[in-house]
Every structure is written in C-alpha cells, then in structure tokens.
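Analysis of the macromolecular model
Residues per chain, in single letters:
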Amino acid sequence: MATITITLLSGAVEDENADFALRLSQAALAKGHKVNLFLIGNGCHLANQEVPWEGERGMNDALTAFMDSFRLGGRLKELVAQGAEAATCHTTEYARGTEGCPYLEGVVRGNVGTSLTRFLINSDVAFTLG
Amino acid sequence: MLFLLNRPDPAALSLAAGLAGDDDAELLLISDGVYLARESGFQSLSSAHDFGEIYAEAKAVADRGLEPAGGCSVVDVAEIVDIILDNDKVVNL
C-alpha cells in the first residue's frame, strides 16, 4: 500500500482539476492505497458544508442537473468516510472569508506548516493540481 | 518522472527536459491538455522532449470527443494511479 498526497489548488467549478483529483483519489482508495488531500487556495472551498438556498431557485431541471455535476462536496465527504484524509489551509480560508464556515464531516482545519508537512513526510508520492 | 499537463500549451513542456535531467520521463495529459493528444498536436509533444510514454486521461478525451494520435495511450484513473506510483515523482507543469 502506498500513500499519495494531492495538494489541490482549484475549486469545484473553475476547471477540472478538483474533479480529476477526486476521481483519482477514489481509484487509489479502491486499489488499497492511502490518500491525503490538502485543500489550499480555491481548493479550500471544497471543505465546506453546502448552504442550500431555501427560496425559488430560478433554475429548470436541466440546468440544475448540469450544475449538480460541478458540486463535489458529497464526493469528498464519501472519500473521507472511506479513509482519505482531507485538511485545509486555514490561511487561504481566511483570505476568502470562509475560515469559520462548517466543514464537511471528516475534513479538518489545517495549515502548510503542520498538516501539509505531515502529509508530505508520510507520502510515497506527492503532487499538486491546480 | 511523470509530468502532468492540464492545458493545451506545448510551450509548458520546455521545462520538462531541464527538470527530468537524466531520469526517464513520461507525460500525462489531463483536462484541456488532452487536445494535444490529437494528431495535429502530438508532434509538438514528441519534439518537446523524448517522453518514454505519452498518456491522455480517458474521461477528458471522451468528454471532448477526441481521437488521440496513435502514439498516445488513453488511460483511466485506475491506470493513472499505477502510472503515478511507478514514476515516483510527479510534476504538474
């Protein structure tokens, strides 16, 4: 079993990096490997619980289904439940005004100096996406 | 050493030779990078560096309806996990 660390700098919608990171992580877990995800920059937005709009959304079903394909929180939560570790960079959360927003279950507040360093020194392979 | 390229920018590959040094190098195209897997772009990859293998991520290829050049291997994420671990070092260009 190997340990892979992915430092993810992209959020869910801006490009395909986050989707790729989560699909790759799922495949690695399925092969029995360990996965660490460090969510930094816009990647930190993946860490938070969704806050649904309670009123009329103004989107038809087709548009809603299309936009749902960009929402990755459920998949990240599933990965963590399967054993992946996910930590944020709180400094980049602070810069985005999200530092106090609730996390998805299992995602933890972190930083470069401790969280990422611990991931890196315990990894067989580490790389950045974004 | 495995290089990742997520955009159709062959100029980014100019870094590969210097970073790889004497190491064997492979290239994985993801996201919009897979546009370079087409016959019209593949020459730019081959001429940029002597990559041992050039891969394109299957979902990105399928989503764009592309036909990769013959020298490019289309691989899914399960295969990519093995490729990453085989290469040991991964550099996102």
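Preceding this section is the structure that the text describes.
Residues numbered from 1 in each chain as written. Chains lettered and ligands numbered in written order. Predicted model: local features only at pLDDT ≥ 70, side-chain atom pairs only at ≥ 80, totals over all residues.

This next bit is on the overall build of chain B. Looking only at helices and strands, one finds four helices and five strands in chain B. Overall, chain B shows an N-to-C arrangement of helices and strands of β-α-β-α-β-α-β-α-β. Looking at chain B residue by residue over its 93 residues, the buried ones come to 35%. Considering only residue pairs separated by 6 or more positions, chain B has 70% of its internal contacts joining residues 24 or more positions apart. (Helix = DSSP H or I, 4+ residues; strand = E, 2+ residues; numbered from the N terminus. Buried ≥ 20, exposed ≤ 12 C-beta atoms within 10 Å, placed from the backbone. Contact = placed C-beta atoms within 7 Å.)

Our focus in this paragraph is the interface of chain A and chain B. Tallying the contact residues gives 17 residues for chain A and 13 residues for chain B. Residue assignment for the side of chain A that touches chain B shows that the elements contributing at least two residues are helix 1 (17-30) and strand 4 (125-129) of chain A. Ranked by residues supplied to the side of chain A that touches chain B, first place goes to helix 1 of chain A with six residues. Looking at the side of chain A that touches chain B residue by residue, the class counts come to nine nonpolar, three polar and five charged. (Nonpolar A, V, L, I, M, F, W, Y, C, P; charged D, E, K, R; others polar.)

Let us look at the sheet that holds strand 3 (residues 85-88) of chain A. Residue and element names in this part refer to chain A. Reading across the sheet, the four strands line up as 3-2-1-4 and stay open at both edges, with parallel pairing between neighbours. What marks the edges here is a single partner per strand, and that holds for strand 3 and strand 4. Within the sheet, the average angular offset between the axes of one strand and its neighbour, ignoring direction, is 15 degrees. In terms of strand pairing, strand 2 (residues 34-39) meets strand 3 through four bridges, oriented parallel. Looking across to strand 3, one finds that Asn 36 is bridged to Glu 85. Across the sheet, helix 1 lies against strand 1 (3-8), strand 2 and strand 4, angled at about 170 degrees from strand 1, the strand it touches most. (Pairing = 2+ DSSP bridges. Axes fitted to C-alpha atoms, helices over the stretch in contact; angles between N-to-C directions.)

The subject of this paragraph is unusual backbone geometry. The phi angle of most residues is negative, glycine excepted, and most peptide bonds adopt the trans form. Residue and element names in this part refer to chain B. One non-glycine residue, Ser 31, lies in the positive phi region at around 50 degrees. Secondary-structure assignment places Ser 31 in the loop between strand 2 (26-29) and helix 2 (39-48). Look at Ser 31 and you get buried, because 23 C-beta atoms sit within 10 Å. The phi torsion at Asp 88 lies on the positive side, around 75 degrees, for a residue other than glycine. Mapped onto the fold, Asp 88 is located in the loop between helix 4 (77-87) and strand 5 (90-92). C-beta crowding within 10 Å serves as the criterion here: with 12 such atoms nearby, Asp 88 is assigned to the exposed category.

Residue and element names in this part refer to chain B. Taken together, five strands build an open sheet; the order of strands is 4-3-2-1-5 and the sheet is parallel. The outermost strands of the open sheet, each flanked by one partner alone, are strand 4 (72-75) and strand 5. Ignoring strand direction, the axes of neighbouring strands in this sheet form an average angle of 25 degrees. In terms of strand pairing, strand 3 (residues 53-57) meets strand 4 through four bridges, oriented parallel. Across the sheet, the residue bridging to Glu 57 is Val 75, located in strand 4.

The next thing to look at is the packing of helix 1 of chain A against helix 4 of chain B. Running from amino to carboxyl end, helix 1 of chain A crosses helix 4 of chain B at an angle of 75 degrees, the nearest separation of the two axes being 8 Å. Relative to helix 4 of chain B, the element helix 1 of chain A is oriented roughly perpendicular. Seen from helix 1 of chain A, the contacting residues are Arg23(A), Leu24(A), Ala27(A) and Ala28(A); seen from helix 4 of chain B, they are Val77(B), Ala78(B), Ile80(B) and Val81(B). Split by residue class, the contact of helix 1 of chain A with helix 4 of chain B holds seven nonpolar, no polar and one charged. (Parallel < 35°, antiparallel > 145°, perpendicular 65-115°, else oblique.)

Our next topic: the pairing of strand 2 of chain A. Residues and elements named next belong to chain A. Counting buried residues in strand 2 gives five out of six residues, a clear majority hidden from the surface. Two strands pair when backbone bridges link them, and strand 1 and strand 2 are joined in this way by six bridges, in the parallel orientation. In the sheet register, Ile 4 faces strand 2, and the bridge partner there is Val 35. In this view, the connection linking strand 1 to its parallel neighbour strand 2 by way of helix 1 has right-handed handedness. (Right-handed = clockwise from strand over helix to strand, strands pointing away.)

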